[in-house]
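Residue-level structure breakdown
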There are 2 protein chains.
Amino acid sequence: MLYLIGLGLTDETDVTVKGLELIKKVERVYLEAYTSILLVDTAKLEAYYGRPIIVADREMVESASDDILAGADSSDVAFLVVGDPFGATTHTDLILRARELQIPVQCVHNASILSAIGATGLQLYNFGQTVSMVFFTDTWKPSSFYDRLKENQQIGLHSLLLLDIKVKEQSLANLARGRKIYEPPRFMTVAQCASQMLETEEERGEGVCVPQSLAVGVARVGARDQKMAAGTLKQLSGMDLGAPLHSLVLLGKRTHYLERDFIREIAVEQDVFDTVWSERYEGKQ
Amino acid sequence: MLYLIGLGLTDETDVTVKGLELIKKVERVYLEAYTSILLVDTAKLEAYYGRPIIVADREMVESASDDILAGADSSDVAFLVVGDPFGATTHTDLILRARELQIPVQCVHNASILSAIGATGLQLYNFGQTVSMVFFTDTWKPSSFYDRLKENQQIGLHSLLLLDIKVKEQSLANLARGRKIYEPPRFMTVAQCASQMLETEEERGEGVCVPQSLAVGVARVGARDQKMAAGTLKQLSGMDLGAPLHSLVLLGKRTHYLERDFIREIAVEQDVFDTVWSERYEGKQ
């Protein structure tokens, strides 16, 4: 059996009891460590589980999935995923490969940012499609996220933006020379995301995410030191919400007054929030 | 402190380690038992936690929230919610009331159907807004869900429909006479949902959910006996997926071929699926 086990969002105790019991008894334990991270390191997980963990990077999952699946037809392998195993990334290839090899797959679900974002007080029913934001470079500034945001906005819905992380990336120079030297991990901040949105708005000019658009930035959702801030994109582009992981919600206009009450409490500046709210949001849809 | 603790989707072992430790040590434990249910009963939870549970019905949460919050400024109270505490229902009133009373609130997140639905193989990025489906009566057949589905369809997105549950409901006669006699609980099935969609389509006629529209019905997601079936709404309207809880996904047209590969495996009839797919979905957006 291949067990896909969600680890939740913050620390080693966010695993479910069901998940933990399985981790303790399977043959091998892999940790998917390139699409998201917990706020604790692998050594802490190993100590907590009392077991060694094999860290699976993108290369291993995509090119050596048969190594992960080896023997899983007759014994059990656990593949740990931060959040829910079917959250932002579905690991479709691994599961389809397991099916081809007649290996049964079972999933132990857990919290995902896609529902935990409800902790902002924004109603999950009012969210449209989830959108990814990648790190812009000097030469690569993909703006397809802008089209998705626009679609959500046109029907008044909020948009959750999941922010890029770069783990175990090589510099172009090292890549070219085949040197397996990796850059330090990078995690996009709310400020960086807001800035990239404003940069793209300047380019596209369709009014989807202007400096006065309201948004909610969140950091370390579910952790004791979770942080949230509601404000304009301009305000958020200058905010520091601390350590990763960050996400951002662009507000839609089909907003309930209870949602407003909730996020007003975390406004960067309540008077700015109130002004922008009444001018641009209240009763607009 | 008021702890909002998610219980996940299936049984007593879906609680997180963090959640379980809190449940064992707080002063009082409430279980929200009217918007969703676990697949095990309260007695089993009490035995597992080694603690009594106070079952909180809608009346208690909405009219007697101060009883729940009593003493939570100086001691700890746990409010257990099936799924994630901020899943489909946000218990906004309870949290705002706690804030008014200066009671700190902390949330222990868990799996929600909103992300676990990814187990169908459909990409969560391709879902639009989530939609509720209530039980129709002879005189009340609200069709606002149809407008939401239409909005999602127009941008090619999948729609997750969460299906009504009726727990501790009184019949009109008993309600009129003030008799606290409750009807047996009812849970909408995939078949009932598909039928209501088709009924509304006949009324509205805008082509949003026709008999040939593809959908995926799911039952008991995350449980060992989880069941999924992909087919036309007509097919699903005659399917029996067994015990609750059920949900349904109406397919959008912006669909990746890997999503097709996944759900084709669970097709009610693969040849029907293939025909409808190539006629109505393939390359349509």
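Residues numbered from 1 in each chain as written. Chains lettered and ligands numbered in written order. Predicted model: local features only at pLDDT ≥ 70, side-chain atom pairs only at ≥ 80, totals over all residues. Heavy atoms only, no water.

Turning to the packing of aromatic side chains, a few remarks are in order. Tallied over the entire structure, the rule returns ten aromatic pairs over all chains. Both rings, one in A:Phe145 and one in A:Tyr146, keep their centres 6.5 Å apart while their planes meet at 85 degrees; by these two values the pair is edge-to-face. Across the pair, A:Tyr146 and A:Phe145 agree in class, each one buried. Their ring planes at 20 degrees and their centres at 5.9 Å tell us that A:Phe273 and A:Trp277 sit as a pair that is stacked. Pair noted here: A:Phe273 and A:Trp277 are both in helix H12 (residues 270-281), with a separation of four residues, about one helical turn. Of the two residues, A:Phe273 and A:Trp277, both sit in the buried class. The structure contains a cluster of three or more aromatic residues connected by ring pairs, namely A:Phe136, A:Phe145 and A:Tyr146. Taking NZ or CZ as reference, A:Lys253 lies 5.6 Å from the ring centre of A:Tyr281, over its face. Just above the ring of B:Phe135 sits the side chain of B:Arg186; from NZ or CZ to the centre is 4.2 Å. (Phe/Tyr/Trp six-rings, centres within 6.5 Å; stacked < 30°, edge-to-face > 60°. Buried < 20%, exposed > 50% of the residue type's maximum accessible area, 1.4 Å probe, protein only. Helix = DSSP H or I, 4+ residues; strand = E, 2+ residues; numbered from the N terminus. Lys NZ or Arg CZ within 6 Å of the ring centre and 35° of its normal.)

Once that is clear, we can look at the relation of the copies chain B and chain A. For the pair chain B and chain A, the superposition axis carries a translation of 0.0 Å, the fit reaches an RMSD of 0.0 Å, and the rotation angle comes to 180 degrees. When the rotation and shift are considered jointly, the pair of chain copies conforms to a two-fold rotation axis. Both copies share a contact surface, since 100% of the interface residues of chain B are interface residues in chain A too. (Least-squares fit on C-alpha atoms with pLDDT ≥ 70 in both. Contact = heavy atoms within 4.5 Å.)

Let us look at the sheet that holds strand E7 (residues 159-163) of chain A. Residues and elements named next belong to chain A. Pairing is mixed in the open sheet, where five strands are placed in the order E6-E7-E12-E10-E11. Of all strands in the sheet, those with a lone pairing partner are strand E6 (131-133) and strand E11 (227-232), marking the two edges. Across the sheet, the mean angle from the axis of one strand to that of its neighbour is 25 degrees, orientation sign disregarded. Where strand E10 (residues 214-219) meets strand E12 (residues 246-250), five bridges bridge the pair, whose relative direction is antiparallel. Residue pairing across strands places Ala219 opposite His246, the latter belonging to E12. The sheet contacts of H12 involve E10 and E11, and relative to E10 the element is tilted by about 130 degrees. (Pairing = 2+ DSSP bridges. Axes fitted to C-alpha atoms, helices over the stretch in contact; angles between N-to-C directions.)

It is worth spelling out the interface of chain B and chain A at this point. In this assembly, 54 residues from chain B lie in contact with 54 residues from chain A. Carbon and sulfur atoms make up 56% of the area that chain B and chain A hide from each other, which totals about 4600 Å². On inspection of chain B and its partner chain A, the count reaches eight salt bridges. Counting across the chain B and chain A interface gives 20 residue pairs in polar contact (both at pLDDT 80 or more). For the side of chain B that touches chain A, the secondary-structure elements that each account for two or more residues are helix H1 (17-25), helix H5 (92-100), strand E5 (105-108), helix H6 (113-116), strand E6 (131-133), helix H7 (144-154) and helix H11 (257-264) of chain B. If one sorts the elements of the side of chain B that touches chain A by residue count, H5(B) sits on top with five residues. Looking at the side of chain B that touches chain A residue by residue, the classes come out as 24 nonpolar, 18 polar and twelve charged. (Buried area = accessible area lost by both parts, 1.4 Å probe. Salt bridge = Lys/Arg side-chain N within 4 Å of Asp/Glu carboxyl O. Polar contact = N/O pair within 3.5 Å; in protein donor to acceptor, adjacent residues only side chain to side chain. Nonpolar A, V, L, I, M, F, W, Y, C, P; charged D, E, K, R; others polar.)

Attention shifts here to the sheet that holds strand E12 (residues 246-250) of chain B. Residue and element names in this part refer to chain B. Taken together, five strands build an open sheet; the order of strands is E6-E7-E12-E10-E11 and the sheet is mixed. Either end of the sheet is taken by a strand with one partner, and the two such strands are E6 and strand E11 (227-232). Strand-to-strand twist in this sheet, taken as the mean axis angle between neighbours without regard to direction, amounts to 25 degrees. By the bridge criterion, six bridges tie strand E10 (residues 214-219) to E11 in an arrangement that is antiparallel. Counterpart to Leu214 in the pairing with E11 is Thr232. Contacting E6, strand E7 (159-163), E10 and E12, helix H9 (residues 190-204) crosses the sheet at an angle of about 40 degrees to E12.

Residue and element names in this part refer to chain B. Counting buried positions along E7 yields five of five residues, so the element is predominantly enclosed. Burial along E7 is two-sided: Ser159, Leu161 and Leu163 facing one way and Leu160 and Leu162 facing the other are all buried. Of the strand pairs in this sheet, E6 and E7 are connected by three bridges, and their pairing is parallel. Bridge pairing in E7 places Met133 opposite Leu163. Across four bridges, E7 lies against E12 in antiparallel orientation. Bridge pairing in E12 places Leu161 opposite Leu248.

So, about the side chain of B:Ser247. Along the polypeptide, B:Ser247 turns up in strand E12. Residues contacting B:Ser247, with those up to four places away along its chain left out, are B:Ile113, B:Leu160, B:Leu161, B:Leu162, B:Leu163, B:Val190, B:Val216, B:Gly217 and B:Val218.

Quick look at the UniProt feature "binding site: S-adenosyl-L-methionine" (unreviewed entry) in chain A now. UniProt marks A:Leu9, A:Asp84, A:Gly87, A:Ser112, A:Ile113, A:Leu163, A:Val221 and A:His246 with the feature "binding site: S-adenosyl-L-methionine" (unreviewed entry), using the numbering shown here. When you line up the elements, A:Gly87 lands in the loop between strand E4 (77-81) and helix H5 (92-100). Excluding its chain neighbours within four sequence positions, the residues that come into contact with A:Gly87 are A:Ser112 and B:Leu124. Aside from chain neighbours lying at most four places away, what touches A:Ile113 is A:Leu9, A:Leu160, A:Leu162, A:Val221 and A:Ser247. (UniProt positions renumbered as here; feature names shortened; annotations may be inferred.)

This brings us to the confidence of the model for chain A. Scored by pLDDT, chain A comes out at a mean of 93, with 99% of its residues at no less than 70. Both confidence scores are given for the complex: pTM 0.95, ipTM 0.94. (pLDDT = per-residue confidence, 0-100.)

Residues and elements named next belong to chain A. One can describe the packing of helix H11 (residues 257-264) onto H12 by two numbers: an axis separation of 11 Å at closest approach and a directional angle of 155 degrees. For the element pair H11 / H12, the angle class is roughly antiparallel. Read as a crossing pair, H11 and H12 show a hand that is right-handed. Between H11 and H12, the residues in contact are Arg260, Ile263 and Arg264 and Gln270, Phe273, Asp274 and Trp277, respectively. (Parallel < 35°, antiparallel > 145°, perpendicular 65-115°, else oblique. Left-handed = near helix turned anticlockwise from the far one by under 90°.)

This part takes up the pairing of strand E1 (residues 2-6) of chain B. Residue and element names in this part refer to chain B. In terms of burial, E1 is a largely internal element, five of the five residues being buried. Across the two faces of E1 the burial is the same, with Leu2, Leu4 and Gly6 and Tyr3 and Ile5 all buried. Both E1 and strand E4 (residues 77-81) contribute to a ladder of five bridges, which runs parallel. Within E4, the residue paired with Leu2 across the bridge is Val77. Pairing between E1 and E5: four bridges, direction parallel. Paired with Leu4 across the strands is Cys107, a residue of E5.

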